[in-house]
Every structure is written in C-alpha cells, then in structure tokens.
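# Report on the structure
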Amino acid sequence: MNVPDNLKYTKDHEWVKIDGDTATIGITDFAQGELGDIVYVEVETIGETMDKDEVFGTVEAVKTVSDLFLPLTGEVLEFNEELEDEPEMVNEEPYGKGWMIKMKIANQDEVDELMDAKAYKAHIE
C-alpha cells in the first residue's frame, strides 16, 4: 500500500498536498484499490467556496459511486480535466497524474487536523 510521507490524509481517504495556500487533492491508493476500476470522475464545484467535509464531486467505479469530501475549507480552483478522457489515471497514478482538484485554502489551521502518513496507515490497518 503506497502512502507517501509528504502528503496529508483524511479519514475519508483523500490525500492533500499543501503548497502555500493551495492544496492539490485526490484519493489514496487504498481508496482506488477498494473502489476498483474507475470509469468516471465528476466535479462541478469549480469556483465555489465550500466548507470542509462538503461533497465536492463523485468518483464512479464499475460497481459503485462514491462521494468526494473536501478536506479543507476554501475555493475549488481547478479540476484535472485529463480525468474526463482518462479516469483510469486515478487507479494508475493516484498521487500523480490522477489528482482531482486544486483549491485555495481559507483556513490554514485546518491543515493541522489532517492525518500524517503514519496516522493514515494506522487508520487503514
């Protein structure tokens, strides 16, 4: 199970890469493995300012649809449009080309509430 040390994680299996006041978000290797073959990623919240834990999109796999929860309060800036044509990138490279959104962080204090890699590994065991 791949859990990079340089990322933060949520109990809902999203990963967060912090770069100043911008966060890149996707789902973890564990999550994509549990979902199976991903066939569609939908995000219709670009430009919206949303609260932490609100649903920002959905990911559809062959057998299920799962909500995506915003790990931090802020504005959804960008969707990885490559996923429209190649949603399988989430399965192949969940921490790389399979990223889902970028957002502007409104409350930096919330970053401290996210799990580090060690805590996330314990969460999924």
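One can find the structure itself at the top, above this paragraph.
All residue numbers here refer to positions counted from 1 along the written sequence of the relevant chain. In keeping with the predicted nature of the model, local features appear solely for residues at pLDDT of at least 70, side-chain atom pairs appear and are counted solely at 80 or more, and the whole-chain, interface and lining totals rest on all residues. Only hydrogens and water are set aside when side-chain values are computed; all heavy atoms of the structure are taken into account.

Below, the discussion takes up the environment of Glu54. Within the element layout of this structure, Glu54 appears in the loop between β5 (49-50) and β6 (55-61). Sequence separation between Glu54 and Ala106 is 52 residues; the distance between their C-alpha atoms is 14 Å. By the convention used here, residues are in contact when the closest approach between their heavy atoms is within 4.5 Å. When near neighbours in sequence (up to four residues on either side) are disregarded, Glu54 contacts Leu68, Phe69 and Leu70. A run of H or I in DSSP becomes a helix once it reaches four residues, and a run of E becomes a strand once it reaches two; helices and strands are each numbered from the N terminus.

A pair of Phe, Tyr and Trp rings is counted when the ring centres sit within 6.5 Å of each other, with Trp represented by its six-membered ring. The angle between the planes then sorts it: under 30 degrees is stacked, over 60 is edge-to-face, the rest tilted. Summed over all chains, the structure comprises 2 aromatic pairs. Plain terms: the ring middles of Tyr9 and Tyr120 are 4.7 Å apart, the flat faces sit at 15 degrees to each other, and that makes the pair stacked. Here Tyr9, found in strand β1 (residues 8-9), pairs with Tyr120, found in helix α4 (residues 117-124); they are 111 residues apart in sequence, far enough to count as distant. The same class applies to Tyr9 as to Tyr120, namely buried. Between the aromatic rings of Trp15 and Tyr95, the centroid separation amounts to 5.9 Å while the plane-to-plane angle is 55 degrees, which identifies the pairing as tilted. Here the residue Trp15 occupies a position in strand β2 (residues 14-19), and Tyr95 occupies one in the loop between α3 (89-92) and β9 (101-105), the gap between them amounting to 80 residues. No difference in accessibility class separates Trp15 from Tyr95, as the two residues are buried. Geometrically, a charge over a ring is one whose NZ (Lys) or CZ (Arg) sits within 6 Å of the ring centre while staying within 35 degrees of the ring normal. In this arrangement the basic side chain of Lys102 is found over the ring face of Trp99, its NZ or CZ atom lying 5.1 Å from the centre. Relative accessibility thresholds used throughout: buried, under 20% of the residue-type maximum; exposed, over 50%; partly exposed, between the two (1.4 Å probe, protein chains only).

Here the focus is the nonpolar core. Val41, Met100 and Ile101 are the most contacted members of the largest nonpolar core, which has 27 residues in total. Of all the elements in the fold, those that place two or more residues in this core are β3 (22-27), α1 (29-35), β4 (38-42), β6, β8 (74-79), α3 and β9. What Ile101 contacts, discounting residues up to four positions off in sequence, is Ala23, Thr24, Ile25, Val43, Phe56, Leu70, Val76, Glu78 and Phe79. Throughout this description, the term nonpolar core refers to a set of buried Ala, Val, Leu, Ile, Met, Phe, Trp, Tyr and Cys residues connected via side-chain atoms within 4.5 Å. Ranked by size, the runner-up nonpolar core spans 11 residues in total, among them Phe30, Met115, Ala117 and Ile124.

Here the focus is the sheet that holds β1. Pairing between strands requires that DSSP locate at least two bridges from one strand to the other. The antiparallel open sheet is built from 6 strands, whose spatial order is β1-β2-β3-β9-β8-β5. Of all the strands in the sheet, just β1 and β5 have a single pairing partner and so form its edges. Pairing of β5 with β8 involves 2 bridges; the strand directions are antiparallel. Each bridged residue has a counterpart across the sheet, and for Met50 the counterpart in β8 is Gly74.

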